[in-house]
Amino acid sequence: MEINILDCTLRDGGYVNNWEFDTDTAADIMECLYQSGIRCIEIGIMGKGGKRGKSTKFSSFQEIELLLSNKKEDCRYAVMMTWPEAGTFEIPERNQYTVDMIRLAFFKEGCRDALRYAKKMIQKGYEVFLQPMATFMYSRDELNQMIEQVNAVRPKALYMVDSFSNLYPKDVRIMADCILKELDRNIDFGFHAHNNIQMAFANVIEFLDTDTQRDLYVDGSIFGMGRGAGNVPVELLMEFLNKEGARYDISRVLYTYQKYIKPIFEQNYWGYDHAYYLTASRSMNSVYSWYFVNHGIQDILLLEKALEGIREENKHTLVRNNADEVLKLLKNGRNTCR
């Protein structure tokens, strides 16, 4: 069994600064991560709106090529794609100018179509990592059905994703055990945690104690950089694994934090915050707190009332009509209702 740290600073961290890492900055961050010992680096996300050469949000694979001009043979590079948007991009056969890994994120209702798309990406030569967002939303039967389909597709890895950050270590253990009972032994296993309830690092430690011989992947970002409460700090993962015999050079991460990440943090705070605790406690997407705060709700009790106005069926992704309806009710001084 091999434990792999996958750094997602340039992708998940991009939610903080709108992915505004220019090519030189991104390349230097990638080099420092490599020097620290990281061998899986997520370099960004596929999407519209990023400025070529100024962003790690890419509208085409051609925009990625410059960032991969100094690829290391013993390092694997990944890009995130979300379903169904993934189907709008033209993806070339894997070659020396492309990423090695495609991380495909999808919600439960898009699972079947996303897996069909994943199979096409595997046929193009990519290592596909499947990211079923908010994995806790699957019932036991749904989880088993999903894994049966995953086994047929045979991706490189399947992840548990704590999208809403509502899991505790015991939840991680139960879910991991359920998945491993059904998951093909030749498929690796990964975990992506968020820190809304200060459990991200503890949850990863629990995950790494999983009883399996397959390779494991855990995600982290420099200083936990990520939207809202952020992610697991990659330097903490390194420290923990170094105590188990790994040899990560944490000083390279500290250098990168000081040069590139700290200035962003000083302008765009991320970390534990009551706003994101409230969404986690309701098993809902933290984007709602972000949306309400950015529309003028600063009082935490008023924010709590606003979140209560999001209908159950809308909790997993931002439904602007519902959120705007809540804002209008609050503006008029009325209680929210589902």
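Structure first, text after, so check above.
Scoring rules and cut-offs
- Residues numbered from 1 in each chain as written.
- Predicted model: local features only at pLDDT ≥ 70, side-chain atom pairs only at ≥ 80, totals over all residues.
- Heavy atoms only, no water.
- Helix = DSSP H or I, 4+ residues; strand = E, 2+ residues; numbered from the N terminus.
- Expected span 1.5 Å × (residues − 1).
- Contact = heavy atoms within 4.5 Å.
- Phe/Tyr/Trp six-rings, centres within 6.5 Å; stacked < 30°, edge-to-face > 60°.
- Buried < 20%, exposed > 50% of the residue type's maximum accessible area, 1.4 Å probe, protein only.
- Lys NZ or Arg CZ within 6 Å of the ring centre and 35° of its normal.
- Axes fitted to C-alpha atoms, helices over the stretch in contact; angles between N-to-C directions.
- Parallel < 35°, antiparallel > 145°, perpendicular 65-115°, else oblique.
- Left-handed = near helix turned anticlockwise from the far one by under 90°.
- Nonpolar A, V, L, I, M, F, W, Y, C, P; charged D, E, K, R; others polar.

> Just to check I follow, could you spell out helix α2 (residues 23-36) for this structure?
A turn of α-helix holds 3.6 residues, and therefore any two residues three or four places apart point the same way. End to end, α2 covers 20 Å across 14 residues, agreeing with the expected 20 Å (1.5 Å per residue, within 8%). Among the structural elements, β1 (3-7), β2 (40-46), β4 (76-82), α7 (234-242) and α8 (250-267) are those in contact with the buried residues of α2.

> How should the packing of aromatic side chains be read in this particular structure?
The relative placement of two aromatic rings is captured by the distance of their centres and the angle of their planes. Counted according to the given criterion, the structure contains 16 aromatic pairs. Between Y288 and F292, the ring centres sit 6.5 Å apart and the planes meet at 35 degrees, which makes this aromatic pair tilted. Here the residue Y288 and the residue F292 both occupy positions in helix α10 (residues 287-293), the gap between them amounting to 4 residues, near one helical turn. You can call Y288 buried: its relative accessible area is 0%. Assessed through its relative accessible area of 0%, F292 is described here as buried. Between Y291 and F292 the ring centres are 6.4 Å apart and the planes differ by 70 degrees, which places this aromatic pair in the edge-to-face class. No difference in accessibility class separates Y291 from F292, as the two residues are buried. In this structure an aromatic cluster arises from ring pairing among F223, Y257, F265, Y269 and W270. Stacked on the ring of Y34, the Lys or Arg K72 has its end atom at 5.1 Å from the ring centre.

> For this particular structure, what's the right way to read the packing of helix α3 (residues 111-123) against helix α4 (residues 140-153)?
A packed helix pair is summarised by two numbers, namely the angle formed by the two axes and the spacing between the axes. Between α3 and α4, whose axes approach to 10 Å, the crossing angle comes to 15 degrees. Between α3 and α4, the angle is such that the two are roughly parallel. The way α3 lies across α4 gives a crossing that is right-handed. Where α3 approaches α4, its residues C111, R112, L115, A118, K119 and I122 are matched on the opposing element by M146, Q149, V150 and V153. Classifying every residue of the contact of α3 with α4 by side-chain character gives 7 nonpolar, 1 polar and 2 charged.

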